[in-house]
Amino acid sequence: KQWYQRRVRGENVSKDSLILLNIRDLAVAMAKYPGRVWQVVNFFSTLPPEERIFGIIFEDLGNYDKDHLGGWTKAVRNEMIRCGWEDGQLLVHLHEQWGLMHGNVLEILAMGGTGIWCGVCTEGAAMGHADSCTTIINLIRMGNTKVLESVNCKYLREAAINVTRIVTTESPYEKQPIYGERATDMVFGSVFQEISDKASFNGLTGFDLNEFLGLKSVMRISNMASPEMILAKLTSEFGEEQQFTFEIAQQMKDVILSNDKAGRKEEYNSPSGLAMLFDQAGGRVTPTMAQTITSANQNKPYIEKLIKEVKEKWDFWDMKDGVADDNITFENFYNGFMAPYFGCYRCEDSQAGLKALDMDFDGSISWTEFKYFLIWAGRQYPDVKNMQELLDVTFRHGLIPAMIDELDLIRKKS
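Residues numbered from 1 in each chain as written. Predicted model: local features only at pLDDT ≥ 70, side-chain atom pairs only at ≥ 80, totals over all residues. Heavy atoms only, no water.

**Some words on the overall build of the protein**
Step number 1: Within the protein, the secondary structure is distributed over 19 helices and 6 strands.
Step number 2: In the protein, which comprises 414 residues, the share counted as buried stands at 47%.
Step number 3: Long-range contacts, defined as pairs at least 24 residues apart, comprise 64% of the intrachain contacts of the protein with a sequence gap of at least 6.
Step number 4: Here the protein has roughly 21,600 Å² of accessible surface; of this, 52% comes from carbon and sulfur atoms. (Helix = DSSP H or I, 4+ residues; strand = E, 2+ residues; numbered from the N terminus. Buried < 20%, exposed > 50% of the residue type's maximum accessible area, 1.4 Å probe, protein only. Contact = heavy atoms within 4.5 Å. Areas by Shrake-Rupley, 256 points an atom, 1.4 Å probe, with all protein chains shown as cover.)

**What about the pattern of salt bridges?**
Step number 1: All chains considered together, the criterion is met by 7 salt bridges.
Step number 2: Arg82 is the partner of Glu79 in a salt bridge, and the nearest nitrogen-oxygen pair spans 2.8 Å. Here Glu79 pairs with Arg82, and both are found in helix 4 (residues 66-82), just 3 residues apart, close to one helical turn.
Step number 3: The class for Glu79 is buried, based on a relative accessible area of 9%.
Step number 4: On the basis of relative accessibility, which here comes to 57%, the residue Arg82 falls in the exposed class.
Step number 5: For the salt bridge of Glu309 with Lys305, the shortest nitrogen-to-oxygen distance reads 2.9 Å. Of this pair, Glu309 and Lys305 both sit in helix 15 (residues 300-318), 4 residues apart, which is roughly one turn of the helix.
Step number 6: According to the relative accessible area criterion, Lys305 is partly exposed, its value standing at 47%.
Step number 7: Connected through shared salt-bridge partners, Lys311, Asp315 and Asp326 make up one network. (Salt bridge = Lys/Arg side-chain N within 4 Å of Asp/Glu carboxyl O.)

**Some details on the confidence of the model for the protein**
Fine structural detail should not be taken from predicted coordinates in areas where pLDDT scores are low.
Step number 1: Per-residue confidence for the protein gives a mean pLDDT of 82, with 87% of residues at or over 70.
Step number 2: Of the regions scoring below 50 in pLDDT, residues 186-191 engages in 19 contacts with residues more than four places distant in sequence or in other chains. (pLDDT = per-residue confidence, 0-100.)

**Focus: helix 3 (residues 34-45)**
Step number 1: Spanning 12 residues, helix 3 covers 16 Å between terminal C-alpha atoms, matching the ideal 16 Å at 1.5 Å per step.
Step number 2: Within the span of helix 3, buried status applies to Val37, Val41, Asn42, Phe44 and Ser45. One side of helix 3 holds all its buried residues, which, seen down the axis, span an arc of 165°. Turned more than 90 degrees away from the buried face of helix 3, the exposed residues are Arg36 and Gln39.
Step number 3: The inward-facing, buried residues of helix 3 abut helix 1 (2-8), strand 1 (20-23), helix 2 (26-32), strand 2 (55-60) and helix 4. (Expected span 1.5 Å × (residues − 1). Arc of directions from axis to C-beta.)

**Let's talk about the pairing of strand 3 (residues 89-94)**
Step number 1: Of all the 6 residues making up strand 3, 5 are buried; the element is thus mostly covered by neighbouring parts of the structure.
Step number 2: Sheet analysis places strand 2 next to strand 3, joined by 6 bridges and oriented parallel. Bridge assignment links Ile57 to a residue of strand 3, and that residue is Leu91.
Step number 3: Regarding the hand of the β-α-β motif, the stretch spanning strand 2, helix 4 and strand 3 is right-handed.
Step number 4: Two strands pair when backbone bridges link them, and strand 3 and strand 4 (residues 115-116) are joined in this way by 2 bridges, in the parallel orientation. Across the sheet, residue Leu91 finds its bridge partner in strand 4, namely Gly115.
Step number 5: In terms of handedness, the path from strand 3 via helix 5 (residues 101-110) over to strand 4 forms a crossover that is right-handed. (Pairing = 2+ DSSP bridges. Right-handed = clockwise from strand over helix to strand, strands pointing away.)

**Overview of the packing of aromatic side chains**
Step number 1: This model, assessed by the stated rule, comprises 16 aromatic pairs.
Step number 2: Look at Phe43 and Phe44: their rings are 5.2 Å apart centre to centre, the planes differ by 90°, and that puts the pair in the edge-to-face class.
Step number 3: You can call Phe43 partly exposed: its relative accessible area is 26%.
Step number 4: Residue Phe44 is classed as buried on the basis of its relative accessible area of 3%.
Step number 5: Arranged with centres 6.0 Å apart and planes meeting at 40°, the rings of Trp314 and Phe337 form a pair that is tilted. Taken together, the residues Trp314 in helix 15 and Phe337 in helix 16 (residues 330-338) connect sequence positions 23 residues apart.
Step number 6: The buried category is assigned to Trp314, whose relative accessible area is 0%.
Step number 7: Three or more aromatic residues link up through ring pairs in this structure, and these residues are Trp314, Phe333, Phe337, Trp367, Phe370 and Phe395.
Step number 8: The ring of Trp317 has Lys320 lying over it, and the distance from NZ or CZ to the ring centre is 5.2 Å. (Phe/Tyr/Trp six-rings, centres within 6.5 Å; stacked < 30°, edge-to-face > 60°. Lys NZ or Arg CZ within 6 Å of the ring centre and 35° of its normal.)

**Thoughts on the packing of helix 11 (residues 227-238) against helix 12 (residues 246-261)**
Step number 1: One can describe the packing of helix 11 onto helix 12 by two numbers: an axis separation of 8 Å at closest approach and a directional angle of 110°. With respect to helix 12, the axis of helix 11 lies roughly perpendicular. In contact with Pro227, Glu228, Ile230, Leu231 and Leu234 of helix 11, helix 12 contributes Phe246, Ala249, Gln250, Met252, Lys253 and Ile256.
Step number 2: Residue composition of the contact of helix 11 with helix 12, grouped by class: 8 nonpolar, 1 polar and 2 charged. (Axes fitted to C-alpha atoms, helices over the stretch in contact; angles between N-to-C directions. Parallel < 35°, antiparallel > 145°, perpendicular 65-115°, else oblique. Nonpolar A, V, L, I, M, F, W, Y, C, P; charged D, E, K, R; others polar.)

**A few points about a nonpolar patch on the surface**
Step number 1: Taken together, Leu18, Leu20 and Phe54 make up a surface patch of nonpolar side chains, about 270 Å² in accessible area.
Step number 2: Tracing the sequence through the fold places Leu20 in strand 1. (Patch = residues over 30% accessible without salt bridge, like charges linked within 9 Å, V, L, I, M, F, W, Y side chains within 5 Å.)

**Observations concerning the environment of Glu170**
Step number 1: Within the element layout of this structure, Glu170 appears in the loop between helix 8 (156-168) and helix 9 (191-201).
Step number 2: Look past the residues within four positions of Glu170 in its chain and what remains in contact with it is Thr164 and Arg165.

**Here we look at unusual backbone geometry**
Step number 1: Despite not being glycine, Ile178 shows a phi value in the positive range, around 75°.
Step number 2: Along the chain, Ile178 turns up in the loop between helix 8 and helix 9.
Step number 3: A positive phi angle is found at Asp326, which is not glycine, with a value near 65°.
Step number 4: Note that Asp326 resides in the loop between helix 15 and strand 5 (327-329).

If you want it as structure tokens, here you go:
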């Protein structure tokens with residue numbers, strides 16, 4: 001008791017301080033000398049309510065599996081409750097070692113742990129630690145909608161990315177679960193869609209899947225776009241301009257329909273594609289538009305070379321049905337191009353995504369339909385290094401957001 005008064009409740013510590021006791025080697029002690037752990041936990045749990053601290057923290061360096069950690073957590077928590085310390089916190093800090101840390105954290109929380117002591121991203125000492133971003137998203141995935149109400153989850157992923165960049169000066173590892181760049185590859189039928197569905201099911205408002213993933217919801221210009229949409233797109237891309245009127249937008253719409261009638265599948269969604277459409281419709285190209293078109297044209301031969309490489313890959317899969325007709329079945333398109341970004345071919349959401357690409361509703365993907373997105377990606381991201389990178393930005397920033405938009409429309413109609 002004297003040690004406690006001197007070291008924990010010393011004269012320099014405010015009575016209102018939230019004090020946490022870190023039993024750093026609790027896991028090792030529980031495996032070898034559990035009686036010692038009981039003595040410590042019992043001592044702090046039996047203190048008079050006015051003298052109790054905020055709670056207990058323990059760590060594991062990745063040496064023990066979830067069955068041991070869960071059992072030890074339950075034992076500690078039961079002792080705290082037995083002694084009347086129900087409101088005491090029991091936090092955990094887990095290091096990475098064998099790839100099991102996130103599963104271990106969830107087991108600990110299920111067995112009586114009240115929280116996790118960590119950073120928002122996995123960066124930390126040694127091989128890193130179980131982070132709050134991954135833990136919270138997993139809790140939501142497992143049905144804990146209370147977290148959606150108490151945590152601003154739509155900025156959680158962005159925070160993990162930004163903190164990683166601050167700490168390491170680099171972006172997170174691209175295959176880092178939840179907040180790596182490729183974590184959105186399996187957006188359909190994945191944890192992210194589960195989060196969105198559960199939020200809607202429980203009546204939570206203000207949760208937007210695109211916003212959570214950092215995918216900007218954009219207005220897409222096609223032959224279905226109204227003059228009002230075209231005008232809004234012009235203003236969004238190039239700012240207010242006197243000649244951006246409903247009349248010029250109607251003329252741009254007429255050019256789109258004329259191109260379609262002539263069998264020309266043009267791209268209008270990149271700034272350069274939109275500027276070219278504006279020019280074709282009789283608009284006077286602004287300096288900003290001119291620079292956009294010039295930049296796109298300067299890189300055009302290189303992008304065309306990459307698209308030609310994609311076409312060679314396309315032709316290989318096109319012949320899988322024995323006919324070279326520039327049309328690929330859904331299954332062959334999935335196997336040849338979509339598999340790295342989607343979990344399974346027969347998943348309902350993957351099928352819906354494929355249908356979103358089938359612009360002429362003929363049950364297949366045509367080269368013209370796919371090339372449209374490749375041209376857009378080349379104009380929007382002219383610095384891509386190779387064919388694979390062109391495909392990556394095509395799917396991540398073009399096709400996947402377009403599919404999400406399409407699926408949102410389908411869900412709203414159903």
